[in-house]
Structure formats: structure tokens, C-alpha cells
Amino acid sequence: MKAAIIIKPGSPDEAFEIKEVSDPVPREGEALIKVLYCGINHIDLWQRRGSRLFAVQYPRIPGSEAVGIVEKINGRSDLVREGDYVVVAPGWGDGVCRRCLVGRENECDNYTLLGYTVPGCYAEKITVPLTSLRKIPEEYVKENYLAEISGIPLTYTTVYHGLVTKAGVEPGERVFVWSASGGTGIASINLGKIYGAEIYAHTRSPWKKDFLEKLGADKVIVGEYEKIDLSSLRGEMDIVIDYIGSRTFNLSLELLRRGGRLILFGVTSGHETMVNLRQIYSKRITIYGVYVGSRWEFNKIIDLYLKKLVKPYIHKIINLEKVSEAHKELEAGEVVGKIIIKHQSS
């Protein structure tokens, strides 16, 4: 099979090598999946740069969002059969610890994230647990639907876990989303509107303002993180969604009202900052550290898509040979929504 492999940390041109590698072999309780579509995420960029804790071993194959066909099953499954079109949950626990047993797999000490702790779907084939598979209904086995579904698993599961399960967003609440034009930003707008929230979307690019308004943002704030005018927003937000990190963390605290909630699931600008602790307790702020979500939340998101309540925005679809160019576009801020890899074997 063909795969885009990170051979060493560095720029896209330095890091990636596209080559033929051996097909993986499913163990007992696993399936071999022929990957058709793969969503690109910022966690892929972090691994390629060598800036993540677990991205210290090379070569490695990223890719956490996969849609494909079940090619081989090793074991018994009542949910899927060989030949079925499936979407793969982005992560899974060991299935036996007390957190897994109560449906909190993403808190498992042995949590596995596709394309991060195991080889991912920048390859044409992957092996995953049978329990991670969700069959795609026959009426959705069309190219446009399959591509859209591949932009859901990691992105929407993470946002659902943070915004709905943890923060408990309610109708009428004000939600501020940093850098809202990416995959997770659009998922935040999408889910926030479903639950009746008022969405304040930020972007650093003026040309993205109209796009965010068309997606449903009630107000769009344009400007560099440290330069935007917070005077009319300070202390007004019920929830802030922050995956930027050091450049925005303290601004997020300023934006929140008393009793507000901060959802943190990324540090794209850095992981260290000085914090005024008094602001956290005096404003009764709750901070939720979010890392993906449970299998139930993954299935809930797929249900919402099948009911046409959520829909990822696809910036473009590329073949595997263009993965370096895609990483460059993402780093340059030239992308709105998701870039999807379509494997040529599909």
C-alpha cells in the first residue's frame, strides 16, 4: 500500500516521504480498512513539526479521521461485515478499565488515538478495533457524503465533548470561538447554533468574515489575537472555546463572565503562559481540558450528520501526493474548513 510517512520532523517538504509499505495485518478483534477518505487536522501538523510529546518516534504515519471499506475482519462482529462502508472512531480505550466501562474511553490510561499513537489514515490501509467502526447507511455511500463524513470524527467529537457534554451549552448563552474558520471552529459554530447559542466568531483574516457570517456566526471579530478590541465583549461570554493556547488564554479569561466556562483543547500558539490565578477564582471560572471524546459522543455526532443537522465544510479534496502542499496551506492560514485526502486506490 501507499502511505505519506513523516520520516523526520521538519517542514512539509523535509518531513514527508510517499512510499510503498506493507499492508497491516489485523489482530484478533480488529478489521483491515481500505481507506477512501482522510481528514487532515492540526494534530498532524504538530507531529510533523516534532512539537508533540508522543511525536518523538519516526517514521510515523498521521491521520485521525477515516472513512473506508471493511476489507478483512479478524474475529466476530455483529455490527459490520466485510465490504461495508464505515467511518472510524478517532480513538478508543482498552475497554476494561473503570473509565471505559462507564463510557469515558477518552480518559483511559491506555487511550489510543488513530494516527497519533498508532499508524493513521495517511496510509491506504489501517487496522482498527471492530468496536471503533460505524457502518455508513447505503444511501450515504456517495462521494460527496463520504468525503464530508471523513471530516467529522476527531473534529466534531472533540467539540461535542467540550461544548455539549462538559460545558453544557444552553439556549441563549454567548459562545466565543477563537480562529473560527478552521475545522474545529466551524464545528463549534455548527453545534453551538443547534443548541441555541449566540456565536461570536473570531478570525485574523478579513476575507473570512463573510464566510463565517454565512455559516451562522452572530458576530464576527476580526484582528490579531492581542490587538482585537475586547471592550464591548469583556466579561460577557458564557463559554470560550480556545485551542490557540499561550496567545489567547488570558484573553479568554477576560472574555468570560462570572461563572463562565473555558474549553481548552489545543495549544497551537504555545503551551506556556503567565496566568492571573485571582481572575479564575474571583470570576468562578471553570476550565475544561478536552481530549477527543467518548464512543457514544462519536456516534451521536454521526447521528446528527445523518439527520442533516451538522455538516463539515470541505475546503478541497486532494490526492495523497499533495499532502505537503496541504500542510503549507494550513500553516499559512489559507484554509477555511477541512482539507480531505482522497486515496487514489478508492
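Residues numbered from 1 in each chain as written. Predicted model: local features only at pLDDT ≥ 70, side-chain atom pairs only at ≥ 80, totals over all residues. Heavy atoms only, no water.

K.L.:
Talk me through the environment of lysine 300; I want residue IDs and the actual numbers.
P.N.:
By secondary structure assignment, the location of lysine 300 is in helix H10 (residues 295–306). When its relative accessible area of 26% is taken as the criterion, lysine 300 is described as partly exposed. On a C-alpha basis, the gap between lysine 300 and valine 220 in space is 28 Å, while along the polypeptide they are 80 residues apart. (Helix = DSSP H or I, 4+ residues; strand = E, 2+ residues; numbered from the N terminus. Buried < 20%, exposed > 50% of the residue type's maximum accessible area, 1.4 Å probe, protein only.)

K.L.:
So what's going on with the environment of alanine 123? Residues and values would help.
P.N.:
Note that alanine 123 resides in the loop between strand S7 (112–113) and strand S8 (125–129). Taking the C-alpha atoms as reference, alanine 123 lies 33 Å from serine 246; in sequence the two are 123 residues apart. Ignoring anything within four residues of it in the chain, the contact list for alanine 123 reads Met1, Lys2, Ala3, Val35, Ile61 and His343. (Contact = heavy atoms within 4.5 Å.)

K.L.:
Run through the sheet that holds strand S15 (residues 286–289), naming residues and quoting values.
P.N.:
Strand order across the open sheet formed by six strands is S12-S11-S10-S13-S14-S15, with parallel pairing between neighbours. A strand with exactly one partner marks an edge of an open sheet, and here the two such strands are strand S12 (219–222) and S15. Taking the axes of each pair of neighbouring strands and ignoring which way they run, one obtains an average angle of 20° across the sheet. Alignment of strand S10 (residues 174–177) against strand S13 (residues 237–242), held across three bridges, turns out to be parallel. The residue bridging valine 177 from the neighbouring strand is isoleucine 241, located in S13. Strands S10, strand S11 (198–203) and S13 of the sheet are contacted by helix H6 (residues 183–194), whose axis makes an angle of about 170° with S11. (Pairing = 2+ DSSP bridges. Axes fitted to C-alpha atoms, helices over the stretch in contact; angles between N-to-C directions.)

K.L.:
Describe the pattern of salt bridges, with residues and values.
P.N.:
Across all of its chains, the model carries 29 salt bridges by this definition. With its nearest N and O atoms 3.4 Å apart, the salt bridge here joins aspartate 78 to arginine 76. Residue classification places aspartate 78 among the exposed residues on the basis of a relative accessible area of 67%. Salt-bridge contacts for glutamate 329 lead to lysine 316; the nearest nitrogen and oxygen are separated by 2.4 Å. Highlighted residues: glutamate 329 in helix H11 (residues 323–331) and lysine 316 in strand S16 (residues 314–318), separated in sequence by 13 residues. Residues joined in a network through salt bridges with shared partners are Arg204, Glu224, Glu226 and Arg247. (Salt bridge = Lys/Arg side-chain N within 4 Å of Asp/Glu carboxyl O.)

K.L.:
Which residues make up unusual backbone geometry, and what values do they have?
P.N.:
Looking along the chain, the bond that leaves tyrosine 58 and enters proline 59 is cis, with omega of 5°. Inspection of the secondary structure puts proline 59 in the loop between helix H2 (42–49) and strand S4 (65–74). Residues other than glycine seldom take positive phi values, yet serine 179 does so here, at roughly 45°. Look at lysine 308: it is not a glycine, yet its phi comes out positive at around 60°. Examined against the element boundaries, lysine 308 turns out to sit in the loop between H10 and S16.

K.L.:
Please provide a residue-by-residue account of the pairing of S13, values included.
P.N.:
For S13, a buried count of six out of six residues is recorded, marking the element as mostly surrounded by other parts of the structure. Here five bridges tie S13 to strand S14 (residues 256–264), and the two strands are oriented parallel to one another. When the sheet's bridge partners are listed, methionine 237 is paired in S14 with leucine 256. Taking the sense of rotation as the criterion, the β-α-β connection linking S13, helix H8 (residues 249–255) and S14 turns out right-handed. (Right-handed = clockwise from strand over helix to strand, strands pointing away.)

K.L.:
Go over the state of the cysteines with me, naming the residues and quoting the values.
P.N.:
Taken as a whole and judged by the stated rule, the model has zero disulfides. Not engaged in a disulfide, the cysteine cysteine 38 finds its nearest cysteine sulfur in cysteine 121; these two sulfurs lie 3.1 Å apart. Here cysteine 100 is not cross-linked by a disulfide; its sulfur's nearest cysteine counterpart is in cysteine 97, at 3.6 Å. (Disulfide = S-S within 2.5 Å.)

K.L.:
Account for the side chain of serine 132, naming residues and giving values.
P.N.:
Mapped onto the elements, serine 132 comes out in the loop between S8 and strand S9 (133–135). If sequence neighbours within four positions are ignored, serine 132 has contacts with Val87, Val88, Ala89, Trp92 and Phe298.

On their own, these measurements won't tell you what the molecule is for.
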